[in-house]
Amino acid sequence: AGLLERISAEVPLSAVVHAAGVLDDGVLDGLSVERFEGVLRAKAEGAWHLHELTRGLDLSAFVLFSSFSATVGGAGQGNYAAANAYLDALAEVRRAEGLPATSIAWGPWAESGMAADSALVSGRMERFGLPPMDPALAVTALERAISGSDTCPVITDVDWSRFGKELSGSRNSALFGEIAEVQELYRTVDHASTDGPAEPTSALAETLAALPVAEREPMLLDVIRKHTATVLGYGTPTGIDAERGFFEMGLDSLTAVELRNRLNTASGLRLPSTTLFDYASPAALARHLLAELAPDASAPENALPEEIDRLESVLSALPEDDMARVRAVVRLQSMLAKLSHAGAGTAVQGASGGDALDGDLDGVSVDELFDVIDRELGDA
Ligand SMILES: NC(=O)c1ccc[n+]([C@@H]2O[C@H](COP(=O)([O-])OP(=O)(O)OC[C@H]3O[C@@H](n4cnc5c(N)ncnc54)[C@H](OP(=O)(O)O)[C@@H]3O)[C@@H](O)[C@H]2O)c1
């Protein structure tokens, strides 16, 4: 209001361009009322004040800088998309009142500004299929948009082959269905899905299985470093230290989910969204992925479930009073007691008074053995 009052009557205000904005991206459960409020304040409140304060003036243009994320949504931009959708709605309200209004849904600009200034944001946009726009071209498009009749035009550069992949969940979407490049992409996807067998769930698991054991973890580490570099917007993985924490390297909750998604696609696994918190460095994560994708069958612990199954089937095939079965059961009881650290050494004192179960059971009578079992099971 103060600024508007200072504008002289000789050179009256003829146009308003509202270009204020802040980003505060985060996955939805990380957003709070405060994080919505800060983003909405710059957009919705400022634009509404300008609308009210200039309503009575003879303006030729009232331009709002909105965003493509309000048109189609954007990963991690729940608050920003809402704030920009407010601008689009305000433009519609003004037009309905006969006032000038154009709300432009911009894609990312190159060279400077909130997208170009953040490698994380611009990298994410580019991977999503939205390369940065040449500012000179964008300004030309702005001039055309203001003189055009659309209330909410979209001005963005789109790499449809990438963007279309992100759209695969919304096929035949009313919003994009008429765009020739998208139609072509749908045709390719349809063709691929009816043409030959599907890709194996995880080529990575197969590649790993074919590698010598010693080469598996380094190979997974390379994959993790490569994807980490990509989500961080680095050209190569050389700067990604295997032992350094992901969050120390610059990942945030949003890029952590993006990295998790990439690893899920690469591995065929369904890693939970907390994975990068639980395995906080590339090296720790590589060990975890290795265990998930290619457990070393020769490691004794990996043979355990099968061994226990075998033991169970041999023992259950024997009659209950078979001496071999009784001896085995007693030994197992003894072993369990030791492993659980619950009275190891005392629980195995048999009726014979010795540590019968640690050694050879041949000298122990059937009655003594049953006595031990009963006491172990708490029946005595
Ligand atoms: N750049 C892009 O690629 C892109 C893409 C889509 C949409 N947009 C939209 O285009 C507009 C301009 O973007 P940009 O790249 O120029 O952004 P920017 O470089 O980050 O500049 C944003 C400006 O908004 C001002 N601002 C922030 N909060 C404010 C508030 N509460 N009241 C008044 N001013 C406030 C900032 O002032 P201070 O510096 O003083 O805080 C800054 O001058 C924004 O609305 C943005 O959402 C940009």
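Residues numbered from 1 in each chain as written. Predicted model: local features only at pLDDT ≥ 70, side-chain atom pairs only at ≥ 80, totals over all residues. Heavy atoms only, no water.

**Q** Is there a simple way to think about the site of the ligand in this case?
**A** In the vicinity of the ligand lie 16 residues, with A20, K43, Y80, W109 and M114 positioned nearest. At 2.8 Å, a backbone N or O of W109 approaches an oxygen atom of the ligand. A distance of 2.8 Å separates an oxygen atom of the ligand from a polar atom in the backbone of M114. For the ligand, the accessible surface in isolation is 890 Å², of which the surrounding protein chains cover 56%. (Near = heavy atom within 4 Å. Polar contact = N/O pair within 3.5 Å; in protein donor to acceptor, adjacent residues only side chain to side chain. Areas by Shrake-Rupley, 256 points an atom, 1.4 Å probe, with all protein chains shown as cover.)

**Q** In this structure, what is going on with the sheet that holds strand β2 (residues 61-67)? I would like to understand it.
**A** The strands making up a sheet are joined through hydrogen bonds of the backbone, oriented either antiparallel or parallel. Taken together, the four strands give an open sheet; going across it, the order is β1-β2-β3-β4, and neighbouring strands pair in parallel fashion. Looking at the sheet topology across the chains shown, the edges are occupied by β1 (15-18) and β4 (154-155). Pairing analysis gives four bridges linking β1 to β2, with the strands arranged parallel. Considered in β2, the bridge of V16 is made with F62. Contacts between helix α4 (residues 78-96) and the sheet are confined to β2 and β3 (102-106), with β2 contributing the most and set at about 155° to the helix. Contacts between helix α6 (residues 135-147) and the sheet are confined to β2, β3 and β4, with β3 contributing the most and set at about 150° to the helix. (Pairing = 2+ DSSP bridges. Helix = DSSP H or I, 4+ residues; strand = E, 2+ residues; numbered from the N terminus. Contact = heavy atoms within 4.5 Å. Axes fitted to C-alpha atoms, helices over the stretch in contact; angles between N-to-C directions.)

**Q** Could you clarify how one ought to interpret the nonpolar core in this entry?
**A** Nonpolar side chains tend to gather and get buried jointly when the protein is soluble and globular. In this structure, L220, F246, L251 and L289 are the most contacted members of the largest nonpolar core, which totals 29 residues. Counting residues per element, this core draws most heavily on helix α10 (residues 213-231), which supplies seven residues. Those residues in contact with L289, other than ones at most four positions away along the chain, are L220, I224, L269, L271 and A294. Counting residues in each nonpolar core, the second largest holds eleven residues, with M125, V158, W160 and V182 among its members. (Core = buried A, V, L, I, M, F, W, Y, C linked by side-chain atoms within 4.5 Å. Buried < 20%, exposed > 50% of the residue type's maximum accessible area, 1.4 Å probe, protein only.)

**Q** How should the confidence of the model for the protein chain be read in this particular structure?
**A** It should be kept in mind that the predicted coordinates are not to be read in detail where pLDDT is low. In this model, the protein chain carries an average pLDDT of 85, and 84% of its residues clear a pLDDT of 70 or more. For the stretch residues 343-359, pLDDT sits under 50, and the model shows 29 contacts to residues farther than four places along the chain or on other chains. (pLDDT = per-residue confidence, 0-100.)

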